[in-house]
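These are the residues of each chain, in order.
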Amino acid sequence: MSYTSTSHYKSVLITGVSGFLGSHLAESILVESSLGNIKEDYRVIGIDNFCTGLASNVTYLKQKFPKNFLFIEKDVIQPWDDVNSILTEAIKSEISHVFHFASPASPPHYQRLSLETLWVNTLGLSHALRFADDIGARVIFSSTSEVYGDPDVSPQPENYWGNVNSFGPRACYDEAKRFGEALIYSWNLRHQTKHGLVRIFNTYGPRMNPNDGRVIINFLVQALAGQDLTIYGDGRQTRSFCFVADLINGIKKYALTDITFPVNFGNDREFTVLELAEKVQAHFAKKQSQIVFLEKAKDDPAQRRPDLSLAKKLFPEWGPKVTLEEGLSKTAQWLQLNSR
Ligand SMILES: NC(=O)c1ccc[n+]([C@@H]2O[C@H](COP(=O)([O-])OP(=O)(O)OC[C@H]3O[C@@H](n4cnc5c(N)ncnc54)[C@H](O)[C@@H]3O)[C@@H](O)[C@H]2O)c1
């Protein structure tokens, strides 16, 4: 399985930059570029409409990188003529990658914004592809482990086709991501391009929206506020949790290749949701938080764990390094500093 790769980014454009992953990706690329021997005019151009991301993530990037971070507020479902005219030809000619990370990502948000979720991963992605082709850049699409649905194999390798309900409350997300993957496949064939996609498994860390609704941030917010920890279902469903720095390292390696097929990134250590709740309860509960069980969410997958063999074969030096305990502490610390 061979591929060619380049050593570094030029400028990049990131949609969804005020979100959790987009803001970490932006910071990581900006830090790497500022350390490397790269000429001064590299930029990260970030786009977001703040529908789920935190404005404070953009403020943070603007303050930390006043010269090299440029922000455009925009709904990327709409045509990109304004992006084309805001960015000069000189800036555009330096962009090597377009990371299409804009999308509501947690069940409460994507169910609230179900049509927007369908469009941002399909129409929004097609705008990103067209923009990238015009300037000769490579698109990296943030797909998800949710393309595997409620899997009947575990761990899930890339060649597992999934078990997805196309007509239910999670379909707007799962099927939109599956369409996005199919779009990249067909686009590459038709246009002889080399766009790629990563399948991201549950990732957590600082700068997640405290109202995000995904399980780790929910438990930590509840524990730090001295509230009971709520589990949907009996807690026996399993998840694997990746700390954000590990995920971003993997995505950056993938992006610098010309690989067009999907690769899983995440952490393959598996926990039940009850085990996670007990860890959070033991280490972060402000007072005697209880664990309470609520009705299971419809179509909630029973197990979720990446098969990382392909990622480790392609990038032998990559692998998840941060333990759940370390990652939870870093996330809790950030929440405590930023939750008022
Ligand atoms: N965090 C994870 O565990 C995980 C797992 C699988 C896939 N992903 C994917 O990674 C990407 C980022 O996820 P995240 O966890 O950072 O979520 P997030 O909600 O924190 O970030 C998504 C960002 O996209 C922005 N956005 C959404 N629709 C937009 C639109 N139409 N125009 C402009 N901006 C828009 C939001 O405002 C937000 O800032 C998403 O595509 C998500 O599906 C994340």
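Report follows, based on the coordinates. Not measured: the values here are computed from a predicted model.

Turning our eyes to something else, we now look at helix 11 (residues 273-284). An ideal rise of 1.5 Å per residue puts 16 Å on 12 residues; helix 11 measures up with 16 Å between its terminal C-alpha atoms. Those residues of helix 11 not exposed but buried are Val273, Leu276, Ala277, Val280 and Phe284. Projected onto a plane normal to the axis of helix 11, the buried residues spread over an arc of 100 degrees and lie on a single side. For helix 11, the exposed residues lying more than 90 degrees away from the buried face are Ala282 and His283. Lining the buried residues of helix 11 we find helix 9 (215-224), strand 8 (229-232), strand 9 (238-240), strand 12 (270-272), strand 13 (291-294) and helix 13 (324-338).

Moving on: the packing of aromatic side chains. With the rule as written, the count across this model stands at 12 aromatic pairs. Ring geometry for Tyr9 versus Phe99: centroids 6.1 Å apart, planes at 55 degrees, classification tilted. Highlighted residues: Tyr9 in the segment before strand 1 (11-15) and Phe99 in strand 4 (residues 95-100), separated in sequence by 90 residues. For Phe99, a relative accessible area of 0% translates into the label buried. For the ring pair Phe99 and Phe101, a centre distance of 6.0 Å and an interplane angle of 75 degrees mean the geometry is edge-to-face. Here the two residues Phe99 and Phe101 agree in accessibility, since each one is buried. Through a chain of ring-to-ring contacts, three or more aromatic side chains come together here, namely Tyr3, Tyr254, Phe265, Phe315 and Trp318.

The next point concerns the environment of Lys194. Within the secondary structure, Lys194 sits in the loop between helix 8 (171-191) and strand 6 (196-200). Separated by 69 residues in the primary sequence, Lys194 and Leu125 have C-alpha atoms spaced 15 Å apart. Other than its neighbours up to four places away in sequence, Lys194 contacts Arg138, Asn188, Asp258 and Thr260.

If you trace the seven strands from one edge of the open sheet to the other, you get 3-2-1-4-5-6-11, paired in parallel fashion. The strands lining the two open edges of the sheet, one partner per strand, are strand 3 (69-73) and strand 11 (263-265). Mean inter-strand twist for the sheet, computed between neighbouring axes without regard to direction, equals 20 degrees. Sheet analysis places strand 1 next to strand 4, joined by five bridges and oriented parallel. Bridge pairing links Ser11 to Ile95 in strand 4.

Moving on to the environment of Leu294. Along the chain, the position of Leu294 falls in strand 13. Overall, the relative accessible area of 38% leaves Leu294 in the partly exposed class. Sequence spacing of Leu294 and Val273 is 21 residues, and the spatial spacing of their C-alpha atoms is 13 Å. Non-local contacts of Leu294, meaning those with residues more than four positions away in its chain, are made with Thr230, Ile231, Tyr232 and Gly233.

What follows is about the nonpolar core. Generally speaking, nonpolar side chains in soluble globular proteins are found buried as a group. Counting 65 residues, the largest nonpolar core has Phe69, Phe99, Phe265 and Val280 as the members making the most contacts within it. The residues touching Val280, leaving out its near neighbours within four places in the chain, are Phe219, Leu220, Ala223, Leu229, Ala285 and Leu328. Counting residues in each nonpolar core, the second largest holds 27 residues, with Leu125, Phe141, Leu183 and Ile184 among its members.

We now examine the pairing of strand 2 (residues 44-48). Burial analysis of strand 2 places five of its five residues in the buried class, the great majority of the element. Here strand 2 shows two buried faces, one formed by Val44, Gly46 and Asp48 and the other by Ile45 and Ile47. Where strand 1 lies against strand 2, four bridges are found, and the strand directions are parallel. Considered in strand 2, the bridge of Val12 is made with Val44.

The next point concerns the site of the ligand. Neighbouring the ligand are 30 residues, the closest being Leu21, Asp48, Thr52, Asp75 and Tyr173. Within the side chain of Tyr173, a nitrogen or oxygen atom sits 2.5 Å from an oxygen atom of the ligand. Protein chains bury 98% of the 820 Å² of accessible surface belonging to the ligand in isolation. For the shell around the ligand, the secondary structure elements donating two or more residues are helix 1 (20-35), strand 5 (138-144) and helix 8. Here the shell around the ligand gets three residues from one element, more than from any other, and that element is strand 5. The residue inventory of the shell around the ligand, partitioned by class, reads 13 nonpolar, 12 polar and five charged.

Applying the stated criterion to the full structure yields 18 salt bridges. One salt bridge connects Arg178 with Glu175, and the closest N-O pair in it is separated by 3.7 Å. Here Arg178 and its partner Glu175 are both found in helix 8, three residues apart, which amounts to about one turn of the helix. Residue class for Arg178 comes out partly exposed when judged on its relative accessible area of 30%. With its nearest N and O atoms 3.5 Å apart, the salt bridge here joins Asp299 to Lys298. The class for Asp299 is partly exposed, based on a relative accessible area of 26%.

What counts as what
- Residues numbered from 1 in each chain as written.
- Predicted model: local features only at pLDDT ≥ 70, side-chain atom pairs only at ≥ 80, totals over all residues.
- Heavy atoms only, no water.
- Helix = DSSP H or I, 4+ residues; strand = E, 2+ residues; numbered from the N terminus.
- Expected span 1.5 Å × (residues − 1).
- Buried < 20%, exposed > 50% of the residue type's maximum accessible area, 1.4 Å probe, protein only.
- Arc of directions from axis to C-beta.
- Contact = heavy atoms within 4.5 Å.
- Phe/Tyr/Trp six-rings, centres within 6.5 Å; stacked < 30°, edge-to-face > 60°.
- Pairing = 2+ DSSP bridges.
- Axes fitted to C-alpha atoms, helices over the stretch in contact; angles between N-to-C directions.
- Core = buried A, V, L, I, M, F, W, Y, C linked by side-chain atoms within 4.5 Å.
- Near = heavy atom within 4 Å.
- Polar contact = N/O pair within 3.5 Å; in protein donor to acceptor, adjacent residues only side chain to side chain.
- Areas by Shrake-Rupley, 256 points an atom, 1.4 Å probe, with all protein chains shown as cover.
- Nonpolar A, V, L, I, M, F, W, Y, C, P; charged D, E, K, R; others polar.
- Salt bridge = Lys/Arg side-chain N within 4 Å of Asp/Glu carboxyl O.

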